[in-house]
Every structure is written in C-alpha cells, then in structure tokens.
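One letter stands for each residue in the lines below.
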Amino acid sequence: MEPLDGNALAGVMHDLFARDMTTMGYKCTSCGHTGVMAEMVVYMSGPGTVARCRGCETILMMLTERRGMYCIDMSGMAQPVLPLA
Amino acid sequence: MERAALLRRLTWQTGTVIATTVETPRVKTIALAVPDWPGHRAGQHVDVRLTAPDGYQTQRSYSIASAPGDDYLSLTVERLDDGEVSPYLVDELRGGDELEFRGPVGGHFVWDEEFGGPLFLVGGGSGLVPLRSMLRHHRAIGSQVPVRVLCSARSLESLIYREELMKRAADDLIDVSITLTREAPSSWRGYRGRIDPALLSTAGWAAAEEPLTYVCGPTAFVETAAAGLVALGYDAGRIRTERFGGTGV
Ligand SMILES: Cc1cc2nc3c(=O)[nH]c(=O)nc-3n(C[C@H](O)[C@H](O)[C@H](O)COP(=O)(O)OP(=O)(O)OC[C@H]3O[C@@H](n4cnc5c(N)ncnc54)[C@H](O)[C@@H]3O)c2cc1C
Ligand SMILES: [Zn+2]
C-alpha cells in the first residue's frame, strides 16, 4: 500500500490533543532529521497507524485504537516541539 | 513521550447535502450546508465518517474544495471502483442527505496570504482539490501574489475544475499549465506526459525567485514532483506536500 503523510493524522491528533499537531516539529533519534509531523511517512491500516521518519524510516510514532480508546507511543521522537496554538 | 490512553476532543458534526455537481464521469463535488461552520483555512481537510446499518464505521479524509468565504462547504470526491467510501459519496449521496464529518483540520498544508509568494501549485488528479480552495481564496481576498498552477490529469475529460481553471487563467496574475498523461485530443496544445524536472522548470518559477510551492495528489505523484523541485534547487523548506495515497496520475 502507498503510504500517506502526517496530514492524514490531522483529525485524529486534533481529537486527542485538542489542537493541530501536524505543525509539531520533531528530531529523529536515529538520523537527526528534523521536520514537522505533516511530513512523516504514514501507514494507516484499520486500527493501527505507524509514522516513520522521512529521512531514515525509523518508527517515530505508533497509534492504535481499541473500543474508542487510543494508545499513542512516541518513543522514536526526541524533542517534540509544539508550535503556538 | 510516554504511552498514554487519551480521550477524544474533536467532535463529529453533520452537514446537509445542498447540491452535487458532476466534475468528470468519476468525480463529483458535494456542497454541504453546515450549521455553525467555524470557517477554515485554504488547504485544510475534513474527516468524513460513514456508519452502516449494523453500526460498522469507517472514515476517510477529504480536502475542502471551497474557499473560506464561500457559502457552502464543498468536497470533491473521485470514485475508486473498488473503494469502500468513495463510491458511496460519488454515486449514492443525494441532495437533502446528511453527511457526518469532523474538522476543519490540518495546519501545515494551508496557504495564508502573509506567507507570500510567488506561489506554485502542483496538483495531480484529485490533488487539485485543496489547491482550488487556495485559488478561490486568492481571488476572494484580491491577493496580488502571482500564481503558477501545474495540473496533471490522465485526459482532458478527467481534469477536474476545467472551466474554472480556464477562467482563472485569463487573470494576469495566474498562469495555468496542464499536462495530460494518457490521452490528449489531436488539437491539444498543452503539455503531454508525466511531470518531470523539465516540465516543473518550464511551468514553475526559477528557484532564485524563492517560490512557495504546494504539491498534492497521489503519493507517487507527490514524491516525483517534490524530488524534481529539490533537484531544480527549490528550497525544501518552502515546498509543502500532501499525499492522498494510491499511485500515479
Ligand atoms: C489529507 C487527505 C486528503 C484527501 N483529499 C481527498 C479529496 O479531496 N478527494 C478525494 O477523492 N480523495 C481524497 N483523499 C483520499 C481519500 O481519503 C480516500 O483515500 C479515497 O477516497 C479512497 O477511499 P475509498 O474508501 O473509496 O477506497 P479504499 O477502500 O480505502 O481503497 C480502495 C483501493 O484503492 C487504493 N487507494 C486508496 N486511496 C487511493 C487514492 N487516493 N488513489 C488511488 N488509489 C487509492 C487502496 O490501496 C485500495 O486498493 C484524501 C486523503 C488524504 C490523506
Ligand atoms: Zn530519521
């Protein structure tokens, strides 16, 4: 399947964080690439979403949904920087 | 950041279909009346949610085709024959029906006038949808930012917003280029074939003019266009991209 990008996560992330998150800056822990969430490489399949670094494919974020509850794991993302809302 | 279970904070709302417009044999624009629409920024999208009689739900993102100041919220949807959601939106939805969605969302793939220009809008297939919102917004606010638009479609019949694009091309500030990738009428005087650096450089701005570029369409199209622009010396920081999934145009 062709990947999407972080723009596709705008709705669910806005739902979870009550603000736009696609302009959130990140620095990849593996390759040092910096960018914003909108630029991540995103694979969505049913209840599971994986976001990878555009520089090196490292997994930056995983999002799973079960019975209306979301579980979010941002272990690959150092220094998330939130822009002004 | 730590693992955390979180609650939802963006609510679903309902719009009523006011009209549907046939853009091409596979594409329709759906105009929605939405009570208390908060307004949007050109380039944003909504998430549409369908619920089956048995309660099964599924959702997809659709860019907003209308300008912030337009009367109705419009979406333009291309039917994928084996798709779960798009055939319903294109073939089944009728005036008076209700549609559930949440939004507007997205703060990256948006154009505000203060971002400046010159603007280069590159769209493949239905990737023209958010770019149309930007073009309409540009006109509505009387922006003086010069714009070049490059559209890629399989054939002239499958090019969405054809008349509107032609009309806008009469404006001195707006330059529209079209490339047809599969078939072209014998009288066709536009471009042919898939986008590549040569076409991007002819239809776009010189890198030295520091253009602000928006690229949208099928994933493979966006990758090709973005790589081509960087190869031409465009500042990657001034190229914004949005991928719809699927392969080329
Ligand atoms: C931010 C964003 C904005 C979008 N805006 C628009 C829009 O304005 N108009 C619009 O028509 N679509 C838009 N899309 C695509 C849309 O969300 C759906 O993916 C599309 O309508 C297909 O959904 P479906 O349920 O019909 O097909 P699915 O059941 O999801 O997929 C059917 C088959 O088509 C393939 N496929 C999935 N997506 C595409 C695609 N885009 N092109 C080609 N093949 C694909 C799948 O791999 C699968 O094999 C947008 C996507 C994103 C992420
Ligand atoms: Zn990386």
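Residues numbered from 1 in each chain as written. Chains lettered and ligands numbered in written order. Predicted model: local features only at pLDDT ≥ 70, side-chain atom pairs only at ≥ 80, totals over all residues. Heavy atoms only, no water.

Which entries qualify depends on this criterion: UniProt positions are given in the numbering used here, feature names are shortened, and annotations may be inferred rather than shown by experiment.
Chain B is annotated in an unreviewed UniProt entry as Oxidoreductase from Kribbella capetownensis. Turning to chain B, the UniProt annotation filed under Cofactor (unreviewed entry) states: "FAD".

**Considering the overall build of chain A**
Note the following rule: Helix numbers and strand numbers start at the N terminus; a helix is a DSSP run of H or I with at least 4 residues, a strand a run of E with at least 2. For this measure, only C-alpha atoms enter the radius of gyration; the expected value for a globule follows 2.2 Å times N^0.38, where N is the number of residues. Note on contacts: a residue pair qualifies if any of its non-hydrogen atoms lie within 4.5 Å across the two residues.
Scanning chain A for helices and strands turns up one helix and eight strands. Secondary structure of chain A in N-to-C order comes out as β-α-β-β-β-β-β-β-β. Computed over the C-alpha atoms, the radius of gyration of chain A is 12 Å, within 12% of the 12 Å expected from 2.2 N^0.38 for a compact globule of 85 residues. The dimensions of chain A, computed from C-alpha atoms along their principal axes, are 35 × 35 × 20 Å. Of the contacts formed within chain A by residues at least 6 apart in sequence, a portion of 47% connects residues at least 24 apart.

**Description of the coordination of the zinc ion (ligand 2)**
Residues and elements named next belong to chain A. Quick note on the threshold: For Na, K and Ca the donor cut-off is 3.2 Å, while for other metals it is 2.8 Å, and in both cases only N, O and S atoms qualify; water is not among them, so sites may look incomplete. Think of it this way: with four donors and all angles in the 85 to 135 degree range, the site is tetrahedral; with four or six donors, opposite ones beyond 155 degrees and the rest between 65 and 115, it is square planar or octahedral; otherwise it is irregular.
For the zinc ion (ligand 2), every protein donor is listed as Cys28 (SG), Cys31 (SG), Cys53 (SG) and Cys56 (SG), and the spread of their distances is 2.3 to 2.4 Å. Each of the four donor atoms bound to the zinc ion (ligand 2) contributes to angles spanning 105 to 115°, and the resulting shape is tetrahedral. Counting the intervening residues between successive donors of the zinc ion (ligand 2) yields the motif C-x2-C-x21-C-x2-C. With a gap of 25 residues between them, Cys28 in strand β2 (residues 25-28) and Cys53 in the loop between β5 (48-52) and β6 (59-66) connect regions that are remote in the sequence.

**Looking at the site of ligand 1**
All names here are of chain B. Under the convention used in this document: One heavy atom within 4 Å of a molecule or strand is enough for the residue carrying it to be called near that molecule or strand. Polar contact is defined as a pair of N or O atoms within 3.5 Å, subject to the rule that within protein one atom must be able to donate a hydrogen and the other to accept it, and that residues adjacent in sequence are counted only when both atoms are side-chain atoms. Computed with the Shrake-Rupley method and a 1.4 Å probe, the accessible areas treat only the protein chains shown as cover for residues.
Near ligand 1 there are 24 residues, and of these Ser61, Tyr62, Glu84, Val85 and Ser86 occur at the shortest range. In this structure, an oxygen atom belonging to ligand 1 sits 2.9 Å away from a side-chain N or O atom of Arg60. The separation between a nitrogen atom of ligand 1 and a polar main-chain atom of Phe244 is 2.9 Å. When ligand 1 sits alone it has 910 Å² of accessible area, and the protein chains cover 78% of it. Counting only elements with at least two residues in the shell around ligand 1, the list comes to β5 (57-63), β6 (73-78), α1 (86-92) and β13 (239-243).

**So, the packing of aromatic side chains**
Residues and elements named next belong to chain B. Threshold: A pair of aromatic rings is counted whenever rings of Phe, Tyr or Trp (Trp by its six-membered ring) have centres within 6.5 Å, and the orientation is called stacked for planes under 30 degrees apart, edge-to-face for over 60 and tilted otherwise. Throughout this description, buried means an accessible area under 20% of the type-specific maximum (1.4 Å probe, protein chains only), exposed means over 50%, and partly exposed covers the range between. Both a distance and an angle decide whether a charge sits over a ring: NZ of Lys or CZ of Arg must be within 6 Å of the ring centre and within 35 degrees of the ring normal.
In this structure the tally under the stated criterion is three aromatic pairs over all chains. Taking the centre distance of 5.4 Å and the plane angle of 85° together, the rings of Phe109 and Tyr214 count as edge-to-face. Of this pair, Phe109 sits in the loop between β7 (98-105) and β8 (119-124) while Tyr214 sits in strand β12 (residues 212-217); the two residues are 105 residues apart in sequence, bridging distant segments of the chain. A ring pair is formed by Phe120 and Tyr234, whose centres lie 6.4 Å apart and whose planes are at 45°; its orientation type is tilted. Of this pair, Phe120 sits in strand β8 while Tyr234 sits in the loop between α5 (219-231) and β13, placing them 114 residues apart in sequence. Here Phe120 matches Tyr234 in class, with each residue buried. Positioned above the aromatic ring of Trp12, the side-chain terminus of Arg49 is 4.2 Å from the ring centre.

**Side note on the side chain of Arg132(B)**
Residue and element names in this part refer to chain B. With respect to the secondary-structure elements, Arg132 resides in helix α2 (residues 128-140). Looking at Arg132, its side chain comes within polar contact range of the side chain of Glu164, at 3.2 Å. When near neighbours in sequence (up to four residues on either side) are disregarded, Arg132 contacts Ala65, Ser66, Tyr161 and Glu164.

**Thoughts on the sheet that holds strand β4 (residues 45-51) of chain B**
The test is simple: Here, any two strands with at least 2 DSSP bridges between them count as paired. A fitted line through C-alpha atoms represents every axis, and for helices the fit uses only the stretch in contact; the resulting angles, taken between N-to-C directions, go from 0 to 180 degrees.
Pairing is antiparallel across the open sheet formed by six strands, whose spatial order is β5-β4-β7-β2-β3-β6 (chain B). Pairing within the sheet leaves two strands with one partner each, and these edge strands are β5 and β6 of chain B. Between one strand axis and the next, the sheet turns by 40° as a mean value, whatever way the strands run. Relative to strand β3 (residues 27-33) of chain B, strand β2 (residues 13-24) of chain B runs antiparallel, the two being bridged by seven bridges. The partner of Ala19(B) across the bridge, within β3(B), is Ala31(B). The strands that helix α1 (residues 10-17) of chain A touches are β4 and β7 of chain B; relative to β7(B), the one it contacts most, it runs at about 75°.

**Brief notes about the sheet that holds strand β9 (residues 147-153) of chain B**
All names here are of chain B. Strands sit in the order β11-β10-β9-β8-β12-β13 across an open sheet of six strands; the sheet is parallel. One side of each edge strand has no neighbouring strand; the edge strands of this open sheet are β11 (191-192) and β13. One ladder, built from six bridges, connects β8 with β9; its direction is parallel. Residue pairing in the sheet places Val122 in a bridge with Leu150 of β9. Lying on the sheet, α2 is in contact with β8, β9, β10 (174-180), β12 and β13; it crosses β8 at an angle near 145°. α5 contacts β8, β9, β12 and β13 of the sheet and is inclined by roughly 155° relative to β12.

**A few points about the interface of chain B and chain A**
Condition: Buried area: the accessible surface (1.4 Å probe) lost by two parts on joining, summed over both. Note on definitions: salt bridges are taken to be side-chain nitrogens of Lys or Arg within 4 Å of carboxyl oxygens of Asp or Glu. Residues are sorted three ways: Asp, Glu, Lys and Arg are charged, Ala, Val, Leu, Ile, Met, Phe, Trp, Tyr, Cys and Pro are nonpolar, and all the rest, Gly among them, are polar.
Each partner contributes residues to the interface: chain B has 29 residues there, and chain A has 31 residues. Overall, the association of chain B and chain A removes approximately 2,500 Å² of surface from exposure, summing both partners, and the carbon and sulfur fraction of that is 52%. Seen at the junction of chain B and chain A, the total is three salt bridges. Those elements that provide at least two residues to the side of chain B that touches chain A are β1 (4-6), β4, β7, α5 and β13 of chain B. The class makeup of the residues in the side of chain B that touches chain A is 10 nonpolar, 10 polar and nine charged.

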